[in-house]
Amino acid sequence: MVTFLQETLADIQKSTSDISEITFILPSKRAGGFLMNELKREISKTQFAPRICSIEEFVEELSNLKIIDNTELLFKSYEAYVKTTTIAEKDDFETYSTWAITLLNDFNEIDRYLVEPKPFFSYLASIKTLERWGVTNEKTELINNYLQFWESLPFFYENIQSLLLAENVGYQGMVYREAVSNLEHYLNGNPLKQHIFIGFNALNIAEQQIVQAFLETGNTSIYWDTDSAFFSDTKHSASYFIRKYIKEWKYFQNVEPKFIASNFEKSKHFQFVEVQKNVGQAKYVGELLSTLSEGEISKTAIVLGDENLLVPILYSLPKNVKNLNVTMGVSLKNFPVAVFFELLFSIHLRSTETFYYKDIFSILNHPLGNDLVPNVRHISQKLIAENSTHISAKDLARYSEPLGSDILQLLFEDWKDDSKTAIEKALKILELLQRKHKLDSGEGVVLHRLTEVFGSISALNEKYPYLKSIRSVQILFSELVAATSLDFEGDAYNGLQIMGVLETRVLDFENVIITSVNEGIFPSGKSNASFITYDLKQQFNLPLYTEKDAIYTYHFYRLLQRAKNVTLLYNNHSEGINTGEKSRFIRQLEIEKHPNHTIEKRILSPKVQIKPQPLKQIEKTEAVVQRLREIAEKGFSPSALTSYIRNPLDFYFQKILKLNEFEEVEETVAANTLGTIVHDTLETFYKPLEGKTLSVQILLEMKRRIHEEVTLQFKKTFKGGTFSKGKNLIIFEVAKRYFSNFIDREIVEVEAGNEVKILKIETNLTLEVPIPELDFPVKIHGKVDRVDEYNGQLRIIDYKTGLVKQGDVELIDWEELNQDYKFSKVFQILTYTLMMNEMIPVNNAEAGIISFKNLSNGFLKFGVKEKSGSRTKTQIITDETLENFTVELKKLILEICDPSIPFTEKEID
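Residues numbered from 1 in each chain as written. Predicted model: local features only at pLDDT ≥ 70, side-chain atom pairs only at ≥ 80, totals over all residues. Heavy atoms only, no water.

So, the overall build of the chain
- A tally of regular secondary structure across the chain gives 37 helices and 28 strands.
- Taken over the C-alpha trace, the chain has a radius of gyration of 40 Å; the compact-globule value for 909 residues is 29 Å, which it surpasses by more than 25%.
- Principal-axis analysis of the C-alpha atoms places the extent of the chain at approximately 120 × 65 × 60 Å.
- Counting over 909 residues, the chain shows a buried share of 50%.
- Counted over contacts in the chain with a minimum sequence separation of 6, partners at least 24 positions apart contribute 77%.
- Only carbon and sulfur atoms are counted for the fraction: they give 49% of the accessible area of the chain, which is about 44600 Å².
- Averaging the locations of the 104 positively and 125 negatively charged side chains of the chain gives two centres separated by 1 Å. (Helix = DSSP H or I, 4+ residues; strand = E, 2+ residues; numbered from the N terminus. Rg over C-alpha atoms; globule rule 2.2 N^0.38 Å. Buried < 20%, exposed > 50% of the residue type's maximum accessible area, 1.4 Å probe, protein only. Contact = heavy atoms within 4.5 Å. Areas by Shrake-Rupley, 256 points an atom, 1.4 Å probe, with all protein chains shown as cover. Lys, Arg positive; Asp, Glu negative; His and termini not counted. Charge placed at Lys NZ, Arg CZ, Asp CG, Glu CD.)

Some details on the packing of aromatic side chains
- Within the structure shown, the criterion is met by 78 aromatic pairs.
- Centroid distance Trp150 to Phe531: 5.4 Å. Interplanar angle 70 degrees. Geometry classified as edge-to-face. You can see Trp150 sitting in helix H7 (residues 141-151) and its partner Phe531 sitting in the loop between strand S16 (511-515) and helix H26 (534-539), a full 381 residues away along the chain.
- What makes Phe531 partly exposed here is its relative accessible area of 23%.
- Between Tyr357 and Phe361, the ring centres sit 5.8 Å apart and the planes meet at 90 degrees, which makes this aromatic pair edge-to-face. Here the residue Tyr357 and the residue Phe361 both occupy positions in helix H18 (residues 357-364), the gap between them amounting to 4 residues, near one helical turn.
- On the accessibility criterion, Tyr357 (6% relative accessible area) is buried.
- With relative accessibility at 14%, the residue Phe361 sits in the buried group.
- Looking at Lys128, its charged tip hangs above the ring of Trp150, at a distance of 4.8 Å from the centre.
- Positioned above the aromatic ring of Phe903 is the side chain of Lys620, whose terminal nitrogen or guanidinium carbon lies 4.8 Å from the ring centre. (Phe/Tyr/Trp six-rings, centres within 6.5 Å; stacked < 30°, edge-to-face > 60°. Lys NZ or Arg CZ within 6 Å of the ring centre and 35° of its normal.)

Examining a nonpolar patch on the surface
- Side chains of Phe653, Leu657 and Leu659 sit close together on the surface and give an oily, nonpolar patch of about 250 Å² of accessible area.
- In this structure, Leu659 sits in the loop between helix H31 (648-656) and helix H32 (671-686).
- Classification of Leu659 as partly exposed rests on a relative accessible area of 47%. (Patch = residues over 30% accessible without salt bridge, like charges linked within 9 Å, V, L, I, M, F, W, Y side chains within 5 Å. Salt bridge = Lys/Arg side-chain N within 4 Å of Asp/Glu carboxyl O.)

Some remarks on the pairing of strand S22 (residues 793-800)
- Within S22, 7 of the 8 residues are buried, leaving the element largely enclosed by the surrounding structure.
- Looking at chain direction, S22 and strand S24 (residues 846-851) are connected through 6 bridges and run parallel. Across the sheet, residue Arg795 finds its bridge partner in S24, namely Glu846. (Pairing = 2+ DSSP bridges.)

A word on the sheet that holds strand S2 (residues 51-54)
- Strand order across the open sheet formed by 5 strands is S2-S1-S5-S6-S7, with parallel pairing between neighbours. Either end of the sheet is taken by a strand with one partner, and the two such strands are S2 and strand S7 (258-261). For this sheet the average axis-to-axis angle between neighbouring strands, irrespective of direction, equals 15 degrees.
- Across 5 bridges, the pairing between strand S5 (residues 194-200) and strand S6 (residues 220-227) is parallel. Its bridge partner lying in S6, Ile196 is registered against Ser221.
- Each of S5 and S6 touches helix H27 (residues 545-561); the most contacted strand, S6, lies at about 85 degrees to it. (Axes fitted to C-alpha atoms, helices over the stretch in contact; angles between N-to-C directions.)

Observations concerning helix H24 (residues 442-463)
- In this model H24 runs 32 Å from its N-terminal to its C-terminal C-alpha over 22 residues, within 8% of the 32 Å that 1.5 Å per residue would give.
- Those residues of H24 lying buried are Gly444, Val446, Leu447, Leu450, Val453, Phe454, Ile457, Leu460 and Asn461.
- Residues of H24 that are buried sit in contact with helix H4 (70-83), helix H17 (336-348), helix H23 (419-436), helix H25 (470-483) and strand S14 (485-486). (Expected span 1.5 Å × (residues − 1).)

A few points about the pattern of salt bridges
- Tallying each qualifying case throughout the model produces 41 salt bridges.
- Between Lys83 and Glu79 there is a salt bridge, with its nearest N and O atoms 3.3 Å apart. Here the residue Lys83 and the residue Glu79 both occupy positions in helix H4, the gap between them amounting to 4 residues, near one helical turn.
- For Lys83, a relative accessible area of 49% gives the class partly exposed.
- Residue Glu79 is classed as buried on the basis of its relative accessible area of 16%.

Pasting the structure below:
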C-alpha cells in the first residue's frame with residue numbers, strides 16, 4: 001500500500017531536488033511527525049530537514065501571538081468582564097465560569113470565520129430582545145439586566161481583545177484573525193519562500209484566506225487527500241469542502257488540483273460487528289488482534305470513536321502485540337486520586353459543623369484514605385458502635401490515635417469556605433501521599449501531575465483575586481483534571497497504533513479497526529453548546545451541524561480509502577443516551593455495495609447457559625458436632641430452631657460459625673431495633689405489675705408516661721441516632737401510637753368487667769428436653785413476653801411489632817410444624833408454652849400473639865384446624881397438645897444433631 005504521505009513526497013521530489021527550504025504545513029503536529037518519518041525513509045543522502053509545522057503553529061507565527069491556555073483565558077476574560085462598565089449586574093467568578101466557556105467558544109468561532117463583530121452582536125442582541133418580547137407588560141429589573149448584558153457584548157469582546165493583545169497572546173480565533181491581518185506583511189517579507197499545505201479538508205474562513213493568499217504567490221501548493229469516488233459524487237459529503245474550494249477558489253481555475261486519487265473502489269474486505277456493550281467491543285478487538293501476525297499488527301490502527309474505550313482495550317490486548325503507540329493520554333479525572341479530591345471538596349462545600357457518616361466513610365474507605373489514616377478500621381468500628389450519623393471533626397479526631405488525629409484534622413477540620421485554605425490543604429495531603437509512593441510508580445506519576453494541577457490553581461489564585469470559595473476551586477480543579485492527561489510512552493511510528501479520530505488525519509493503514517461506530521458517537525450529532533442561534537449562523541455563514549457532519553464523513557471515508565481490511569464495531573445495547581443504533585456510515589456502506597468490496601456481518605452475543613445449581617450441603621464434622629453439643633447444653637432458642645426450619649444453612653452460618661450480619665451505622669430505625677424498643681418499654685410498664693390485677697387507673701398512668709418512656713428507650717437502643725426529624729421521627733411517633741392503642745384496648749377490656757391479672761413479664765425460661773437417642777443433655781431456653789390470667793383463663797402471650805394474622809397461628813398437620821417456615825409463629829408460641837409448663841401448669845390454657853400492626857383483632861390465639869381447613873377444631877392448649885409438639889420438637893433437634901444428616905440449603909421463596 002502506498003500511503004498519502006508517500007504519494008505526496010514522491011510528487012514533490014519530482015519537481016524539487018532540495019526540500020530543505022520548503023515549509024510544510026499539516027493539520028496537526030502528529031501528522032508532521034509522520035511526514036518527517038517518511039522523509040527519513042525516502043531520502044538516502046544526508047541533508048538539512050525542512051521546516052514542518054502544524055497549521056496552529058504556522059498561524060501563531062503569522063500573527064506574532066501565542067495561543068493562550070484555556071484556563072488562563074477564563075481568568076483574563078473575567079478581568080475584561082469586570083472592566084466592562086456597561087454590564088451593570090456582574091456575576092461572581094464561580095457563576096461566570098458556568099456560562100463563560102460557551103460564550104468564549106462563540107467568540108472563537110466568529111473570529112475564525114472573520115465575522116464582523118458589530119453587526120453580529122447587534123443582530124444577536126435583537127434576537128435576545130425578541131425572545132423576551134411580550135413576556136410581561138412591563139420589563140422587570142432582571143429582564144433589563146439580561147438585555148443590557150447582550151447589548152454590552154461588543155464592549156466585553158473589545159476588552160478581552162485589548163487585554164490579550166497587550167500581552168501578545170490570544171485565543172485561537174483571535175490569533176487566526178490577527179494572522180489574516182498580517183498576511184501581506186509576511187508575504188512581502190518572504191516572497192521566494194516555498195510553502196506546501198498537506199492533507200487539509202474543512203477550513204475556516206481565516207484558513208481559507210491564508211491558503212489562497214499563499215497559493216496566489218505561485219510558489220505554494222496544496223495537496224488534498226480525497227478520492228474520485230467521493231469527489232465525483234456531488235451528493236457525497238466526504239468531499240463536500242474540497243469540491244467547494246476547487247470550484248470557488250480562483251487558483252484552481254488554471255491549476256489542476258493535487259490530487260484526486262482512485263483508491264476507494266479497489267478490493268476491500270469490510271466486517272460489521274454488532275456487539276453487546278462497550279466491554280464486548282474491547283474483548284473482540286483483542287480477539288481479532290490475536291489472529292494477526294507481527295507484520296500485520298504493524299500495519300494496523302485501532303481508531304476509537306469513543307475515547308473512553310482506551311483503558312478497556314489496553315487491558316484486552318493479546319500477548320502477540322509487542323510494539324504499541326497510543327496517541328491519546330488517559331485523563332487525570334479517571335484516576336482514584338482525582339475522585340478522592342472531588343469527594344473531599346464536596347463534603348467541605350456543605351457549611352455544617354458536622355459531617356454525614358457516609359461522607360466520612362467515602363473518604364476513609366477510599367484507597368488513599370487508607371494510605372493516609374493508619375487506623376481506619378478502628379475509627380469505622382467506633383462510629384458503628386456509637387451509631388453516629390453526624391460527627392464533628394473534633395469528635396472524629398477523638399476516635400483516632402495521635403498520628404491519625406493530625407491527618408483527620410487535615411482532612412476534616414473546617415476549611416471556612418476559603419479558596420487559599422482549600423488549596424493549601426490539598427497540597428499538604430498530596431505531599432503526605434507522595435512520601436508513601438515512589439515517583440517512578442504509576443501512583444507516584446499521577447500524584448506528581450495532580451500536584452502540578454494544584455500548583456497551577458495556586459499560581460492563578462495568587463495572580464487573580466477571583467477564587468473566593470471552595471466551590472470556585474472545585475470548578476477549576478474539575479476543569480483542569482479533565483483537560484490534563486497522562487501520556488503513554490511508545491514507538492510513535494512502529495507497531496500497533498491506537499488513536500482518536502482527529503489523530504488519523506493524513507495517515508493510512510492497511511488494517512483499520514474502528515470502535516463505537518454508533519449514531520450519536522460517530523458522527524457525534526448535533527451540539528447545542530452555543531449562544532448563537534441557527535438563523536444567526538446562516539446569516540453570517542458560520543458552520544452549521546450539517547457541515548460538522550460532513551467533517552466526520554470525510555474523516556471516516558478517508559480512513560477507508562487505502563485500507564484493505566476494515567472492521568467496524570458498534571454497541572447494540574440501549575442505555576442512557578446511547579440508543580444502540582449503528583451509524584449512518586455503516587448503512588451507507590451497505591447501500592453503496594461497490595463490486596470490489598466484500599461485506600461480512602457478525603452479531604456477537606454472549607451464550608447464556610442456565611445451569612441448574614445444586615443445593616449446597618455442609619457435612620457435620622467432629623468440630624461441628626462438638627459445637628452442636630455446646631449449643632444443646634446451653635439451650636436452643638425458639639428463633640434458632642425456626643432459623644433451621646427456614647434454611648439449615650442460615651443456622652449453620654449464624655449458630656455454628658457465629659457469623660453475624662455486617663454491622664453498620666443504623667441511620668433509620670431498623671425493624672429489630674423498633675422491636676427491642678417496644679419490648680423494653682412494655683417490660684418497664686408491666687414488670688412492676690407482676691401478681692397484680694390491671695385497673696383503669698394503672699393503665700391511665702401508663703398512658704401518661706408513654707412519651708417519656710419511649711424517648712428513654714429510643715435513646716438507649718437507638719444510641720447516637722437522631723429521631724427528631726425525618727423517617728425516624730415518624731417511626732418514633734408510630735411507636736408511641738402503638739402503646740397508646742394497646743393501652744386503650746386494655747382499658748376497654750377492664751372497663752367491660754374483664755379481670756386481667758399479670759403473672760409473668762419478660763421471664764427467662766429454660767427446659768431440659770429428654771432425648772434418649774442423644775448422649776448429651778438438650779435444653780431449650782427463651783424469654784416469654786407475658787403470661788396473664790384473663791377472667792381466670794391462663795394466657796401465654798408473645799408480642800410482635802410486625803403484621804401477624806390469625807392464619808399465621810393456626811396448624812392443620814403436626815408433621816408440617818418442623819418442615820415449613822410458615823408455621824414459625826406457631827412453633828415459637830408452643831415452645832414458650834412448653835417451657836412455661838415447668839413453672840405454671842398450662843393445661844387448658846391459651847397461647848398466642850398480640851400484633852401491634854393488627855391490634856384491632858386483639859389476642860390471636862393458637863389453634864388446630866380440621867384437616868379440611870374449613871374451621872378451627874380447638875384453641876385450647878392441653879397436655880395432648882404439648883405431647884404432640886414435644887414429638888415434633890424432638891424430631892427437629894435429632895435432625896439438627898444427627899452427624900449423618902448434612903446441613904442442606906433450602907430454596908427460599
